[in-house]
Amino acid sequence: MSAKTDIMKYVGSIQQAAYVRPITYTEGRSTGLKAFDVKSGNISMRVLADKCLDVSEFSYAGTNMSFLSKPGLQGLGHYDTNGAEAQRSIMGGFFFTAGLEHIGGPCNVKGVDYPMHGRIRTTPGEHISSDAFWVGDEYHLRVSGEMREAMLFGENLVLRRSIETVYGSKSFTLTDEFENEAYREEPLMLLYHINIGWPFLDENVKLYIPTAKITPRNSDAKGHEEKYDVMEAPKDNEPEYVFLHDVMADSNGNTETIAVNPKLKLGLRIAWNTKYLPHFMEWKSIASGDYVVGLEPANSLVHGRAWYEDNGNLHKIAPFAKEKNVLTFTVLDGEAEINNAVSAFENKF
């Protein structure tokens, strides 16, 4: 990476190369939606201030790598937490956060309704800040904030999130700290719904998942396990496949997954620790118009709140306890970077 004094010779404002800018959408269902436009060299992304600081769009050197569902961009609305109607508001995006009281399909447990993939994904941020600053010769860009999922006489769960990258790098880091600010033990269900889309995603893509065991979620997925690691051409009206993976990790609990498009000579590596994210799901849809693969580290399986209540192994967090997750997203640019990453993956797992 070039020294700060060398870079500044070529620019009037560093913002011609890297910036964080607050924006507000002004059209259609997205009207009023607040976000941050982040550009750092070849990396571009949109961080949604009004929706859990989730990343709706991610691209590298002009190539989109994220998925946007048919409803498109939209702000807060009545579909957000209304049972199965959530499918009319789930945008997909590069990732959205599922939880915190529930993940999976909508359900009712002991008279309490839990919407599809929970409420945190639609929770606006508070104490939001953005910054761009030099640390020696590194130019850092950061967006951070706090989301609270709370109820009178109920839960009081806080998520403090930071998203940061460095100009000239090919990666960004998501750091989440969860705290239970209630005076009772509280369920904490969490899934990072990372959604890869076209044009990065096509029938050339190969997935590297350190799976020790793969289980189809239902009959739609059963029989398709052998092709879990490859994408196929779009197929009209094909049902989604969801696979549950038992993933391997190193002695420190670190693991990763890689998606590679050899035709584009691009890859994406996602790394995390399994201490608080021991589960991994793969959502594969080759349906025409719903073409996407979801790579999903989680602390619970997508069987949902009711299943965990019945089985007695619902993950819980003690009063004022904290849990921290760090996910690193890295673009692999060119055959050499891809081959090195895949070789390291295969040697590790």
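Throughout what follows, the structure given in this document is the object of discussion. Predicted model, so just to flag it, every value in this text is computed and none were measured.

## With respect to the environment of Y276
Along the chain, the position of Y276 falls in the loop between strand 19 (266-273) and strand 20 (279-285). Separated by 48 residues in the primary sequence, Y276 and K324 place their C-alpha atoms 7.6 Å from one another. Discounting chain neighbours no more than four positions away, the residues touching Y276 are N299, K322, E323, K324 and N325.

## Regarding the side chain of S69
With respect to the helices, strands and loops of the structure, S69 is situated in the loop between strand 5 (63-64) and strand 6 (95-100). Taking the relative accessible area as the measure of exposure, S69 reaches 12% and is therefore buried. From its side chain, S69 meets the backbone oxygen of I90 in a polar contact 2.6 Å long. Other than its neighbours up to four places away in sequence, S69 contacts I90, M91 and G92.

## Structural notes on the sheet that holds strand 12 (residues 171-180)
If you trace the 8 strands from one edge of the open sheet to the other, you get 9-10-11-12-23-19-18-15, paired in antiparallel fashion. Since the sheet does not close on itself, it has two edges, and those belong to strand 9 (126-135) and strand 15 (206-208), each with one partner. Recorded for the sheet is a direction-independent mean angle of 15° between the axes of neighbouring strands. The sheet contact formed by strand 18 (residues 254-261) and strand 19 spans 8 bridges and is antiparallel. Along strand 19, the bridge assignment pairs N261 with L266. Against the sheet, helix 3 (residues 335-348) makes contact with strand 15, strand 18, strand 19 and strand 23 (322-333), and its axis sits at roughly 140° relative to strand 18, the strand it touches most.

## Focus: unusual backbone geometry
G99 connects to L100 through a cis peptide bond whose omega is 10°. Phi is positive for F153, close to 65°, though the residue is something other than glycine. Mapped onto the elements, F153 comes out in the loop between strand 10 (138-150) and strand 11 (156-166). Looking at F153, the relative accessible area reads 76%, which means it is exposed.

## Focus on the pairing of strand 12
Counted residue by residue, strand 12 has 7 buried out of 10 residues, so it is predominantly covered. Examined bridge by bridge, strand 11 and strand 12 share 9 bridges and lie antiparallel to one another. Its bridge partner being in strand 12, R161 is matched across the sheet by D176. Turn length for the strand 11-strand 12 hairpin, with the two strands adjacent in sequence and antiparallel, is 4 residues, and the turn residue G168 shows positive phi of about 95°. In this sheet, strand 23 lies alongside strand 12 in antiparallel orientation, the contact comprising 9 bridges. Counted as the bridge partner of L174 is L327 from strand 23.

What counts, and at which threshold
Residues numbered from 1 in each chain as written. Predicted model: local features only at pLDDT ≥ 70, side-chain atom pairs only at ≥ 80, totals over all residues. Heavy atoms only, no water. Helix = DSSP H or I, 4+ residues; strand = E, 2+ residues; numbered from the N terminus. Contact = heavy atoms within 4.5 Å. Buried < 20%, exposed > 50% of the residue type's maximum accessible area, 1.4 Å probe, protein only. Polar contact = N/O pair within 3.5 Å; in protein donor to acceptor, adjacent residues only side chain to side chain. Pairing = 2+ DSSP bridges. Axes fitted to C-alpha atoms, helices over the stretch in contact; angles between N-to-C directions.

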